[in-house]
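The primary structure of each chain is shown beneath.
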Amino acid sequence: MPLRKDLVDHMHEGWVIDTHEHLQQRPDGFPDNLFALWQQSYVKADFASAGASAALGEAARSPDAAAWRRLRPYVRRVSNTAYYRSLLVACHDLYGLEGEDITDDTWQALNEAIQRRNAKPGWGEEVFRRGKIRKVLLDTFWDQIAEELPLGGDFLVRVMRINSFVMGVRRGRVDHGGHSPYSLQEQLGVTVSSLGDYLDLFEAALEWYLTRGAVALKSALAYDRELYFEDVRREDAERLFAADDDSPQTLQALGDFMMHHILGRAQELELPVQVHTGYLAGGGHLVGRDPKRLTNLLEKYRGVQFDLFHGGYPYAGELAFLGKHYANVYVDLCWLPLISPTAARRYLHEWIEQVPINKILWGGDCTRPDAVYGAVRYGQEVVATVLAEKVREGYMPEDLAFELATRIFHDNAAELFLGEVHLQ
Ligand SMILES: [Zn+2]
């Protein structure tokens, strides 16, 4: 299949702009190893699902032969999942793993390579250069205002997560990550005693991000609540804010009001908004997480470019409809190839038939540079397969397939988030 190979080579040669990662600063002297790589990646959830949550944690703390022996049956049990297999790509390319999988004979050398290379200053940057990753949009979910970022150079571009501002309107309430905007009062120099003050606090946080080059807002609210946001009038929100009422309806209405307020500001500032839709990491039910629940927002804020994440998995058809119907909706494969490359291929086939080619994006959604590298390569395989199939079926010409590959991994994100135009 020379065309597929040519497409893969083309993507490996081109730069990548990655719409979404959670790269974290690790404390100095952090004991990095093979098991820590798993522990800090999505495959952690598969180990938990296979019953090896505690064993993995222990192995990450003391990565010796006994730990490997204890964990080995579980490694076999998760070795079929895409979470696991995407990391194998990194193990092969970055840490010299030989053979198709990690075995009794190879785990130790791999473990040592991971320890050694990660102890080397600048390894994360080196990994990004090898993956030709030019920019990564970073969601620092662990800190509402993260002064320190992990990598040197200018790889990282901030996005501002809005969850706490929607879920924490009432003092003492927090989002699913445990964050309250009230904890930012002192740092941002705003004291909140009215809804107006609360909006000022949001404004100060927004300013903090914009002065540090943030290019988008990010909603992971699907982890906190369902995705329909009623349009609540300011005077009603003022009344609810002042009332001594913590009923679910009141808290929901205050959050609804904030979501509309935030999108109104995004529209004024021409800031794109990234939105998690569908599948939730770590489980949780999906009721109300389908992308079509956002329809009233997509229609009211036509000036906001919405980057809808994760293919809306498992609601790809809905997302394709939104991407086709609304000029302000982008469809993002982000994370999907790691959940299921088959689903990602199926979705991309449909999207290519429905959504204009400037509105299809890719992101990784990982916490470590090596895992990001695996996600890039894994995503590129998915895209190459689909594009080669589309050409082979006679659906489109080769030159369009190559253009799409460049757009999905670089040009579309460059245009949407960085204001660069590479292709007409
Ligand atoms: Zn994410």
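None of the values given here were measured: they were computed from a predicted structure.

In this section: helix H11 (residues 195-211). Between its first and last C-alpha, H11 extends 24 Å over 17 residues, near the 24 Å set by a 1.5 Å rise per residue. Taken together, the buried positions of H11 are occupied by Leu195, Tyr198, Leu199, Leu201, Phe202, Ala205 and Leu206. For H11, the arc enclosing every buried residue in end-on projection is 155°, short of the 170-degree limit, so these residues lie on one face. Residues of H11 that are exposed and point more than 90 degrees away from the buried face comprise Gly196, Glu207 and Thr211.

Relative to each other, helix H1 (residues 2-13) and helix H18 (residues 369-392) sit at 140°, their axes nearing to 9 Å. Here H1 is positioned oblique relative to H18, judged by the angle of their axes. As H1 packs across H18, the resulting crossing turns out to be right-handed. Packed against H1, whose contacting residues are Leu3, Arg4, Leu7, Val8 and Met11, the element H18 presents Gln380, Glu381, Val383, Ala384, Thr385, Leu387, Ala388 and Val391 at the interface. Looking at the contact of H1 with H18, its residues break down into nine nonpolar, two polar and two charged.

Turning our attention to unusual backbone geometry. With an omega of 5°, the peptide bond running from Tyr313 to Pro314 counts as cis. Relative to the elements of secondary structure, Pro314 occurs in the loop between strand E6 (306-308) and helix H15 (316-325). The backbone of His310 sits at a positive phi, close to 65°, despite the residue not being glycine. Despite not being glycine, Asp365 has its phi angle at roughly 85°, a positive value. Of note, Asp365 is situated in the loop between strand E8 (360-361) and H18. With 25 C-beta atoms packed within 10 Å, Asp365 lands in the buried category.

Let us now look at the nonpolar core. Nonpolar side chains tend toward joint burial in soluble globular proteins. Leu217, Val273, Leu308, Leu348, Val383, Leu387 and Ala405 are the most contacted members of the largest nonpolar core, which totals 134 residues. With 12 residues, H18 is the largest single contributor of residues to this core. Mapped onto the domain boundaries, this core takes at least three residues apiece from domain 1 (29-121) and domain 2 (124-418). Apart from residues no more than four positions distant in its own chain, Leu308 is found in contact with Val275, Thr277, Pro291, Leu319, Leu322, Val329, Tyr330, Val331 and Asp332.

Looking now at helix H13 (residues 248-269). With 22 residues, H13 ought to run about 32 Å at 1.5 Å a step, and its terminal C-alpha atoms sit 31 Å apart, in line with that. For H13, the elements touching its buried residues are helix H9 (163-167), strand E4 (216-219), helix H12 (234-242), strand E5 (273-275) and helix H14 (295-300). Immediately beyond the C-terminal end of H13, within one or two residues, lies Glu270, with a positive phi of roughly 55°.

Take the packing of H1 against helix H19 (residues 398-418) next. The N-to-C vectors of H1 and H19 enclose an angle of 35°; their axes lie 10 Å apart at closest approach. The element H1 and its partner H19 pack so that their crossing is right-handed. Contacts from Leu3, Leu7, His10 and Met11 of H1 reach H19 at Glu398, Ala401, Phe402, Ala405 and Phe409. A per-class count over the contact of H1 with H19 returns seven nonpolar, one polar and one charged.

Time to look at the pairing of strand E7 (residues 329-332). Residues of E7 alternate between two faces, with Val329 and Val331 on one and Tyr330 and Asp332 on the opposite face, all of them buried. With three bridges connecting them, E6 and E7 associate as parallel partners. Bridge pairing in E7 places Asp307 opposite Tyr330. Two elements, E7 and E8, share two bridges in a ladder whose sense is parallel. Directly across from Asp332, in E8, lies its bridge partner Leu361.

Assigned domains within the protein: domain 1 (29-121) and domain 2 (124-418). Taking only C-alpha atoms into account, the centre of domain 1 sits 29 Å from that of domain 2. On the side of domain 2, 17 residues touch domain 1, which itself brings 13 residues to the contact. Broken down by element, the residue count for the side of domain 1 that touches domain 2 peaks at eight residues, all from helix H6 (residues 82-95). Its residues placed into classes, the side of domain 1 that touches domain 2 shows nine nonpolar, three polar and one charged.

Strand order across the open sheet formed by eight strands is E1-E2-E3-E4-E5-E6-E7-E8, with parallel pairing between neighbours. Strands with a single pairing partner mark the edges of an open sheet, and in this sheet they are strand E1 (16-21) and E8.

With that settled, consider the pairing of strand E2 (residues 133-139). With respect to burial, E2 is a largely interior element, six of its seven residues being buried. Pairing of E1 with E2 involves four bridges; the strand directions are parallel. Residue pairing for E2: Val16 is matched across the bridge by Ile133. Of the strand pairs in this sheet, E2 and strand E3 (residues 156-161) are connected by four bridges, and their pairing is parallel. By the bridge assignment, Val136 is partnered in E3 with Leu156.

Each value, and the rule that gives it
Residues numbered from 1 in each chain as written. Predicted model: local features only at pLDDT ≥ 70, side-chain atom pairs only at ≥ 80, totals over all residues. Helix = DSSP H or I, 4+ residues; strand = E, 2+ residues; numbered from the N terminus. Expected span 1.5 Å × (residues − 1). Buried ≥ 20, exposed ≤ 12 C-beta atoms within 10 Å, placed from the backbone. Arc of directions from axis to C-beta. Axes fitted to C-alpha atoms, helices over the stretch in contact; angles between N-to-C directions. Parallel < 35°, antiparallel > 145°, perpendicular 65-115°, else oblique. Left-handed = near helix turned anticlockwise from the far one by under 90°. Contact = placed C-beta atoms within 7 Å. Nonpolar A, V, L, I, M, F, W, Y, C, P; charged D, E, K, R; others polar. Core = buried A, V, L, I, M, F, W, Y, C linked by C-beta atoms within 7 Å. Domains from an automatic or database assignment. Pairing = 2+ DSSP bridges.

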